Number of protein chains: 2
Amino acid sequence: MGDYNQSVILDSIRRAEEGLSRVELAASAGLAAQTVSNICRRLLDTGLIIEAGKEASGPGKPRTMLRLNPKGMYAVGIHIDPALTSYALLDAVGTVLLSLDEPTDLAGDPFEVVAAMGAKVRHIIDESGVDEQRIAGVGVATPGPVDAASGTVVNPPHMPGWARVPLRDILHEITGLPVIVDKDVTAAAVAEVWAGSTSSVRDFVFVYIGTGIGAGLVLNDEVVRGSSGNVGEIGHIIADPDGPECDCGRRGCIKVTCMPETLVAQARAAGVLPEASPDEASLPQDMADLAQAAAEGNPAALDILTQSAHRLAGAASVLTNLLDVERVVFGGPFWPPLAPTHLATIPALIEHYSVTTSVHSVNVVGTMVSSGEEAFGAACLVMENTFSPNAARLLLDSKG
Amino acid sequence: MGDYNQSVILDSIRRAEEGLSRVELAASAGLAAQTVSNICRRLLDTGLIIEAGKEASGPGKPRTMLRLNPKGMYAVGIHIDPALTSYALLDAVGTVLLSLDEPTDLAGDPFEVVAAMGAKVRHIIDESGVDEQRIAGVGVATPGPVDAASGTVVNPPHMPGWARVPLRDILHEITGLPVIVDKDVTAAAVAEVWAGSTSSVRDFVFVYIGTGIGAGLVLNDEVVRGSSGNVGEIGHIIADPDGPECDCGRRGCIKVTCMPETLVAQARAAGVLPEASPDEASLPQDMADLAQAAAEGNPAALDILTQSAHRLAGAASVLTNLLDVERVVFGGPFWPPLAPTHLATIPALIEHYSVTTSVHSVNVVGTMVSSGEEAFGAACLVMENTFSPNAARLLLDSKG
């Protein structure tokens, strides 16, 4: 119970922007004053919290306020998308100290590619000059499926050759740090919780648009991971009965109608984008160009994006109707080019498709996480593991 | 915390078929011996548990075993389906002491129909001869949507005129008992947990086939209810791109392709069932006749049911892929006639559609709850509220 109580205390302090006194902590956590005092002593000794001034409240001695020490802990995040791999280093209060990204090397041997990611992490840590002893771990967000128990990625559809790649073991070996592996969609949902944008909302779905499309789930204030860590596979929700055939044998799954590469192919066919050049096509650039064309009023571009928004709204409403959530958050690496057209279309459609509009409406928003900072969510996996009293199932690699 | 600890103790005793000693209880619940002793004293005094013999375990004094007292508590369940309303009276160990059903009166004024349900409950209690002081409450399973906070049913699609019917208040007034209202699909999931069929499974979906089709969810060992108690609206999952138009404006939703009334209409069109008689059609009888025809090898009947199984498998796989569950349980009032054809078809299809087959397979089973005993699940809502330490959100009507 000691670790659990410490997590409760840390979490309370983290959530209180103004800091908290020991007396307030005891009241909010329902713990004995002596217990709180002992835990705070330990946290002060290890530098995770700091005393930040005194505050008078009524008569009596002013109370010493406790806050998180930004420099008390750090976390590294690696976000792997088939198109782009990004990295971030966060301090204990979630400030991004350093971030970078580079194209994902899908041609190389996966084991070597992951080893190079580990080397990049070491490089980032060295560059940053932070105290390595204070780095709590490396969080990795990867396309699924994953084998959560072993920290392995298992045949993600857009990463040929990544049959069973033990991300956790390789990265632990190279970095010497504890490593947490989770699906990209789940890391995105954790980031939204961590960024505080959902503090008023106990239930939401995160619709994640990367090279693939998936969903992260937060129900009753807890991140849902599923029986094997593979929550959120929504690619085979049928969104367009007139759509093309899918590899599952059905027609019109969002996998074949809404993914960025499909939209880009439609844009090429409609003459919005030029034919693919002989050198490798760049999905991020193509999506940016398509969005730009729509923003400039190109009717074909607008039509492609609006149609896609209709299909995504249909798919998202399957989630909202099934899970009775209050909010849908859209995000992921390819969300920014979609945001203008999609936010103009989707909210009304989700309202239309909602079975429970007579009881409550569903709020639709874009992610709080900045474009290009997907690795923030990966690093938040480490934060969640350290701070959240709910994260009992998500254990850091015990070898770390 | 006293009530919470008491729930933990009651739950532990309930789960142990052979009973538990105080020493075992203290160990399993992680509570001090004195706390356990005090709570057990209180539970013995109120008659919720009984001392059931002594058991020697090694040297020392034999330990007194504690068990639930079957006569210590009772619960009443009302299960409302647009076709049939059923009732059940359960004792504390879940034995159905009394059950009955009758056609749901959809022609009458909803307020009067619900009042008549209340009178029926009173009648059942009188008939049964159980000590009324020991009836913990009435659980009501109703088609959604519901307004969980007020115990009101709000415009269920197959019950015209039931605009906002305050089930809880009416039934509380007539019966004088605490009343819990929940969606039929959720009550069905609770029943499956209670019947013990899912004890090895932490995550499952319950696909409920009544007059409408819905889903109950148990994730990470907890019943999920959603932000307004309306979890499980799956009627607008598109299952057949070639299907008929739905009221939502799309085509082939399971609402218009898999519901019993659709299957019966198909059976009439194919000559499997006679044209509807001028007197009111009976969905339960029609479904039984269709299943009988299929069992006798009628190819058109077989085709109708197999097609429906294919569509339901597609819809169920949307849930299993999204939620990463280990098991799908099929049930509900119209499940029995579908079971033979559906269990022959659905498991392989769900395996085919599953995105995570490389990680784990999905188990597909029929419900443990007997045909005609849907009200068992409704009564289990009361049991869950009394016994489950997780059910903090589901409070009995405080007026009760």
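Because the structure is a prediction, the values reported are computed rather than measured.

### So, the overall build of chain A
- When helices and strands are counted, chain A shows twelve helices and 16 strands.
- In terms of overall size, chain A behaves like a compact globule, its C-alpha atoms giving a radius of gyration of 22 Å where 400 residues would be expected to give roughly 21 Å.
- The dimensions of chain A, computed from C-alpha atoms along their principal axes, are 75 × 55 × 40 Å.
- Restricting to contacts in chain A with at least 6 residues of sequence separation, those with at least 24 account for 61%.
- Total accessible area on chain A is roughly 15800 Å²; 50% of this is exposed by carbon and sulfur atoms.
- Here chain A carries 26 positive and 48 negative side-chain charges, and the mean point of each set is 10 Å from the other.

### Some details on the relation of the copies chain B and chain A
- Superposing chain B onto chain A takes a rotation of 180° combined with a translation of 0.0 Å along the rotation axis, leaving an RMSD of 0.1 Å. This pairing of chains is accounted for by a two-fold axis. Across chain B, the rotation axis passes nearest the C-alpha of B:P241, at a separation of 2.2 Å.
- When you check the interface residues of chain B against chain A, 100% turn up at the interface there too, and the contact is symmetric in its surfaces.

### Considerations on the state of the cysteines
- Applying the stated criterion to the full structure yields zero disulfides over all chains.
- Of the cysteine sulfurs around A:C246, a residue in no disulfide, the closest is that of A:C253, at 3.8 Å.

### Some remarks on the domain arrangement of chain A
- Structurally, chain A comprises domain 1 (2–68), domain 2 (73–190 + 374–387) and domain 3 (198–366).
- Inter-centroid distance (C-alpha atoms) of domain 1 of chain A to domain 3 of chain A is 42 Å.

### A closer look at the pattern of salt bridges
- Taken as a whole, this structure holds 30 salt bridges over all chains when the rule is applied.
- Note that A:R251 and B:D242 form a salt bridge whose closest N and O atoms lie 3.1 Å from each other. On the criterion of chain membership, the pair formed by A:R251 in the loop between strand 14 (222–224) and helix 7 (254–257) and B:D242 in the loop between strand 14 (222–224) and helix 7 (254–257) is interchain, its members lying in two chains.
- Judged by relative accessible area, which is 27%, A:R251 ranks as partly exposed.
- Across the pair B:D286 and B:R268 runs a salt bridge, and its minimum N-O distance is 2.7 Å. Linking B:D286 in helix 9 (residues 283–295) with B:R268 in helix 8 (residues 260–269), this pair joins segments that are 18 residues apart in sequence.

### Section: helix 9 of chain B
Residues and elements named next belong to chain B.
- Helix length check: helix 9, at 13 residues, gives a terminal C-alpha distance of 18 Å against a target of 18 Å (1.5 Å per residue), a fit within 8%.
- Burial in helix 9 covers these residues: L283, D286, M287, L290, A291, A293 and A294. Each buried residue of helix 9 lies within a common arc of 160° when the element is viewed along its axis, so the set occupies one face.
- At its buried positions, helix 9 is contacted by helix 8, helix 10 (299–323) and helix 11 (335–353).
- Capping of helix 9 at its N-terminal end is provided by S282; its side-chain oxygen lies 3.2 Å from the backbone amide nitrogen of Q285.
- Once helix 9 finishes, G297 follows within two positions and takes phi at roughly 95°, a positive value.

### Focus on the packing of helix 6 (residues 184–194) of chain B against helix 12 (residues 375–387) of chain B
Residues and elements named next belong to chain B.
- Orientation of helix 6 relative to helix 12, taken along the N-to-C sense of each, is 65°, at an axis distance of 8 Å. In terms of orientation, helix 6 lies roughly perpendicular with respect to helix 12. Seen along the crossing, helix 6 lies across helix 12 with a hand that is left-handed. Taking contact as the criterion, the partners of A187, V190, A191 and W194 in helix 6 are, on helix 12, F376, G377, A378, C380, L381, M383, E384 and F387.
- Taken together, the residues that form the contact of helix 6 with helix 12 break down as ten nonpolar, one polar and one charged.

### So, the pairing of strand 12 (residues 204–209) of chain A
All names here are of chain A.
- Burial analysis of strand 12 places six of its six residues in the buried class, the great majority of the element.
- Side-chain alternation along strand 12 places F204, F206 and Y208 on one buried face and V205, V207 and I209 on a second face that is also buried.
- Note: strand 12 against strand 13 (residues 213–219), six bridges, orientation antiparallel. Each residue of the ladder has a partner; that of F206, found in strand 13, is G216.
- The turn linking strand 12 back onto strand 13 is made up of three residues.
- Direction of pairing for strand 12 relative to strand 15 (residues 327–331): parallel, over a ladder of five bridges. The residue bridging Y208 from the neighbouring strand is G331, located in strand 15.

### Considering the environment of A:L177
Residues and elements named next belong to chain A.
- As for its placement among the helices and strands, L177 is situated in the loop between helix 5 (167–175) and strand 11 (179–183).
- Given a relative accessible area of 5%, L177 falls into the buried group.
- Placed 41 residues apart in sequence, L177 and A136 show a C-alpha to C-alpha distance of 7.6 Å.
- Leave out the neighbours within four places in its chain, and L177 touches I125, I135, V138 and H172.

### Things to note about the packing of helix 8 (residues 260–269) of chain A against helix 10 (residues 299–323) of chain A
Residue and element names in this part refer to chain A.
- Following both chains from N to C, one finds helix 8 and helix 10 inclined at 150°, their axes separated by 10 Å at the closest point. Between helix 8 and helix 10, the angle is such that the two are roughly antiparallel. At the point where helix 8 passes helix 10, the crossing takes the right-handed sense. Listed contacts from helix 10 to L263, Q266 and A267 of helix 8 are I304, L305, S308 and R311.
- By residue class, the composition of the contact of helix 8 with helix 10 is four nonpolar, two polar and one charged.

### Focus on the sheet that holds strand 9 (residues 152–154) of chain B
Residues and elements named next belong to chain B.
- With antiparallel pairing, three strands are arranged side by side in an open sheet as 8-9-10. Each edge of the open sheet is held by one strand with a lone partner, namely strand 8 (146–147) and strand 10 (164–165).
- As defined by bridge partners, strand 9 adjoins strand 10 across two bridges and the pair is classed as antiparallel. From the neighbouring strand, V153 faces strand 10, where its bridge partner is V165.

### Thoughts on empty space enclosed by the protein
Residues and elements named next belong to chain B.
- In the structure shown here, the tally under the stated rule is one cavity of 30 Å³ or more.
- Its volume calculated, the largest cavity comes out at about 110 Å³.
- Counting only elements with at least two residues in the lining of the largest cavity, the list comes to helix 6 and strand 12 (204–209).
- Counting residues per element, the lining of the largest cavity draws most heavily on helix 6, at four residues.
- Among the residues making up the lining of the largest cavity, the classes are represented as six nonpolar, four polar and two charged.
- Both of domain 2 (73–190 + 374–393) and domain 3 (198–366) provide at least three residues apiece to the lining of the largest cavity.

Scoring rules and cut-offs
- Residues numbered from 1 in each chain as written.
- Chains lettered and ligands numbered in written order.
- Predicted model: local features only at pLDDT ≥ 70, side-chain atom pairs only at ≥ 80, totals over all residues.
- Heavy atoms only, no water.
- Helix = DSSP H or I, 4+ residues; strand = E, 2+ residues; numbered from the N terminus.
- Rg over C-alpha atoms; globule rule 2.2 N^0.38 Å.
- Contact = heavy atoms within 4.5 Å.
- Areas by Shrake-Rupley, 256 points an atom, 1.4 Å probe, with all protein chains shown as cover.
- Lys, Arg positive; Asp, Glu negative; His and termini not counted.
- Charge placed at Lys NZ, Arg CZ, Asp CG, Glu CD.
- Least-squares fit on C-alpha atoms with pLDDT ≥ 70 in both.
- Disulfide = S-S within 2.5 Å.
- Domains from an automatic or database assignment.
- Salt bridge = Lys/Arg side-chain N within 4 Å of Asp/Glu carboxyl O.
- Buried < 20%, exposed > 50% of the residue type's maximum accessible area, 1.4 Å probe, protein only.
- Expected span 1.5 Å × (residues − 1).
- Arc of directions from axis to C-beta.
- Polar contact = N/O pair within 3.5 Å; in protein donor to acceptor, adjacent residues only side chain to side chain.
- Axes fitted to C-alpha atoms, helices over the stretch in contact; angles between N-to-C directions.
- Parallel < 35°, antiparallel > 145°, perpendicular 65-115°, else oblique.
- Left-handed = near helix turned anticlockwise from the far one by under 90°.
- Nonpolar A, V, L, I, M, F, W, Y, C, P; charged D, E, K, R; others polar.
- Pairing = 2+ DSSP bridges.
- 1 Å grid on protein atoms, 1.4 Å probe; cavity = no way out; pocket = protein on both sides within 12 Å on 5 of 7 lines; lining within 4 Å.
- Points joined across faces, edges and corners; volume = space filled by probe spheres on them.

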